[in-house]
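Examination of the molecular architecture
Spelled out from the first residue to the last, the chains are:
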Amino acid sequence: MDETNILEKVSDAGFMINSDAVSYLISHQISETELEKLFLEIDPSVFVIETHHLIGILPEQKEKSPSDSDSFEFKFLYEFEDNPVVVLEDVSNKATSVGEYNQFVQYFRDRYTRLSEMIRSRVSARPIESLKKNKFVKPLPSKERSSQITIIGMVSEKSTTNNQHIVLALEDPTGTIPVLINNKETDLVEMAERLVLDEVIGVTGTMSPDGTILMAERIIQPDVPNSYSAGHGKAQGYILFISDIHVGSKEFMKHEWETFLDFLNGRSENPQLLQIASEIRYLIVAGDIVDGIGIYPGQEADLEIPEIYKQYEVVASYFHQIPKNIHIVIAPGNHDAVRRAEPQITFSEEIQKMFPKNVTFVGNPALVSLDNIYVQIYHGCSMDDLVANIKGVSYQSPTTGMVEMVKRRHLAPTYGSRVMISPEKKDYLLIDKIPHIIHCGHVHTVGVAVYKNILLINSGTWQSQTSFQKTVNIVPTPAKVPFVDLRTMKTGVLNFNDPN
Ligand code: D5M
Ligand code: FE
Ligand code: ZN
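The residue numbering used here restarts from 1 in each chain and proceeds along that chain's sequence as written. Chains carry letters and ligands carry numbers; both start at the beginning, A for chains and 1 for ligands, and go up in the order they are written. With pLDDT at 70 or above as the cut-off, local features in this predicted model cover only qualifying residues; side-chain atom pairs require 80 or more to be listed or tallied, and sums for whole chains, interfaces and linings still use all residues. To obtain the side-chain values, all non-hydrogen atoms of the structure were used and water was disregarded.

Below, the discussion takes up the coordination of the iron ion (ligand 2). Counted as coordinating are nitrogen, oxygen and sulfur atoms within 2.8 Å of the metal, or 3.2 Å for Na, K and Ca, while water is not included, which may make sites look incomplete. For the iron ion (ligand 2), every protein donor is listed as Asp 244 (OD), His 246 (NE2), Asp 288 (OD) and His 444 (NE2), and the spread of their distances is 1.9 to 2.3 Å. Sequence spacing of the donor residues for the iron ion (ligand 2), all on one chain, is D-x1-H-x41-D-x155-H.

Structure (structure tokens):
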């Protein structure tokens, strides 16, 4: 049925209907009999039919609602069953933290152990305690004094002296030691300047003559070996990456978003877009699917939809319009209705059941295998810390921050600044298994890069610049969708902004 027919029938039945609900019915290709049946199921006290009245009542969207033009035969190449998702790492269902002191000790122990192992596989290191003993027991013999030693620790302090030397405090489970980076060692200083608090590094150097300070000659981050290559098997088709939809915000770009939904459904003029749409297998969503409520002071003034469940109903109705053959994976972000501390547990049952069955919900972060392509999903709140603390990391080039994550093998290296961390038994923010693709959002700018054969993707946003972002000079690049062609592992970015 078309819009006029639907409106006529609705009014005959004594209801009114809003425009979102009409689009929803159209996207479900509702027939006259189905609509009549629907009227019987809607609570008679409802005055205006809205999308949320229809979710759960209507049958799942009909298979394939392809291009309206019958001159081009649009066909989806993959069935839903062809597009498996295996969740490899995710805190959801496994969270145990209540934030006690002991749990923080255990959490940081796990982080230190696993990151130091990565460094230990390349150098042999000794416990910090063993250096201290030398000081108190007896002075090192001069030969040993000048010999190189390596320690592995967490950076717990960092400062610059008047003479531009850098001093770090490095901490391992046995003790703490100061480390000096001499201002003459320009390469080393440059690297040390980029270190952030709480990251785990190895330092090779010699002890000062009085045995109190380690003089650094080399700094080692866990990183990924230069020779690393994951290979990518025999996959085909496309993965699309989006995030930061911010439904509910006055700045949500409804028109551009609907153009994107049209594209997914094979409704576009451009043959190249049609070809891609026909081969999409996965759509990955890295958080901030709604704008939420109470996320920052004064948010009410920026909201089009001031109720949280209403926001989820609307975003869910959009996901109902995505073809059922595409396997969708959704993780939460800092604007979503889940706990704020990371790792974030996935959405509640109540929210999940609003969405269609082709959605797999995961926590933030999560590592998923898409037909053996490993994708590390992380919303990206730590990017604010990385931009603030590392030279050259910028909002305009979000993959610069993602490179820093890989070097530290950690998605949120600094604890307690912009990122709140919940001390789980295991550190879920560690990049343990090396993924083929890392997908972040949060900063609202699109970026695609390759670092040591890992694809780094930031998927931008569907929200135009907010007044807040204007004050801090964040310039979003909305309505753009990065994708990966699995045949070649080459990337591209689709643009859904109006041409002009
Ligand atoms: O974040 C969208 C972008 O705006 C992201 O780059 C962080 C930035 N942002 C958001 N809130 C703040 C505050 N309070 N200070 C500084 N920068 C901020 P989103 O998660 O969508 O709000
Ligand atoms: Fe966001
Ligand atoms: Zn965010």
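Think of it this way: one heavy atom of a residue within 4 Å of a molecule or strand is enough to make that residue near it. In the vicinity of ligand 1 there are 14 residues, among which Asn 334, His 335, Arg 418, His 442 and His 444 approach most closely. Polar contact criterion, stated in full: a pair of N or O atoms within 3.5 Å, where within protein one must be able to donate a hydrogen and the other to accept it, and residues adjacent in sequence count only if both atoms are side-chain atoms. Between ligand 1 and the protein, one listed contact pairs an oxygen atom with a side-chain N or O atom of His 246 at 3.1 Å. Taking Asp 288, its side chain carries an N or O atom lying 3.2 Å from an oxygen atom of ligand 1. The accessible surface values rely on the Shrake-Rupley method and a 1.4 Å probe; as for residues, cover is taken only from the protein chains in view. The protein chains hide 77% of the 460 Å² of surface that ligand 1 would expose on its own. Residue classes in the shell around ligand 1 are distributed as four nonpolar, six polar and four charged. Each residue gets one label: Ala, Val, Leu, Ile, Met, Phe, Trp, Tyr, Cys and Pro are nonpolar, Asp, Glu, Lys and Arg are charged, and the others, such as Gly, are polar.

With that settled, the discussion passes to the nonpolar core. One broad rule of soluble globular proteins: the nonpolar side chains tend to lie buried together. By nonpolar core is meant a set of buried Ala, Val, Leu, Ile, Met, Phe, Trp, Tyr and Cys residues that side-chain atoms within 4.5 Å join together. Only protein chains enter the accessibility calculation, which uses a 1.4 Å probe. A residue is then buried if its area is under 20% of the maximum for its type, exposed if over 50%, and partly exposed in between. Ile 245, Phe 260 and Phe 355 are the most contacted members of the largest nonpolar core, which totals 65 residues. Two residues form a contact once any of their heavy atoms are found within 4.5 Å. Phe 355 has contacts with Ile 289, Tyr 312, Val 315, Ala 316, Phe 319, His 320, Ile 330 and Phe 361, leaving out every residue within four places of it along the chain. If you look at the next biggest cluster of nonpolar residues, it comprises 41 residues, including Leu 386, Tyr 395, Val 403 and Ile 431.

For the rest of this paragraph, the subject is the layout of surface pockets. With a probe scaled to a water molecule rolled over the atoms, the places where space remains empty come into view. As a volume, the largest pocket reaches approximately 670 Å³. In this structure, the largest pocket is lined by 26 residues; those nearest its centre are Asn 334, His 335, Arg 418, His 442 and Phe 468. Broken down by class, the residue content of the lining of the largest pocket amounts to 10 nonpolar, 10 polar and six charged. In this structure, the second largest pocket occupies an estimated 380 Å³ of space. If you trace the second largest pocket, you find 13 residues lining it, with Phe 108, Arg 109, Met 154, Glu 171 and Asp 172 closest to the centre. Counting from the N terminus, the helices are the DSSP runs of H or I reaching at least four residues and the strands are the DSSP runs of E reaching at least two. Those elements giving two or more residues to the lining of the second largest pocket turn out to be α5 (101-120), β4 (149-160) and β5 (166-172). Residue composition of the lining of the second largest pocket, by class: eight nonpolar, one polar and four charged. Site definitions follow a grid-based scheme: protein atoms alone, a 1 Å grid, a 1.4 Å probe that fits but cannot get out for cavities, and for pockets an open set with protein on both sides within 12 Å along at least five of seven lines, plus lining residues having an atom within 4 Å of a point. Grid points are joined across faces, edges and corners, and a volume is the space filled by probe spheres set on the points.

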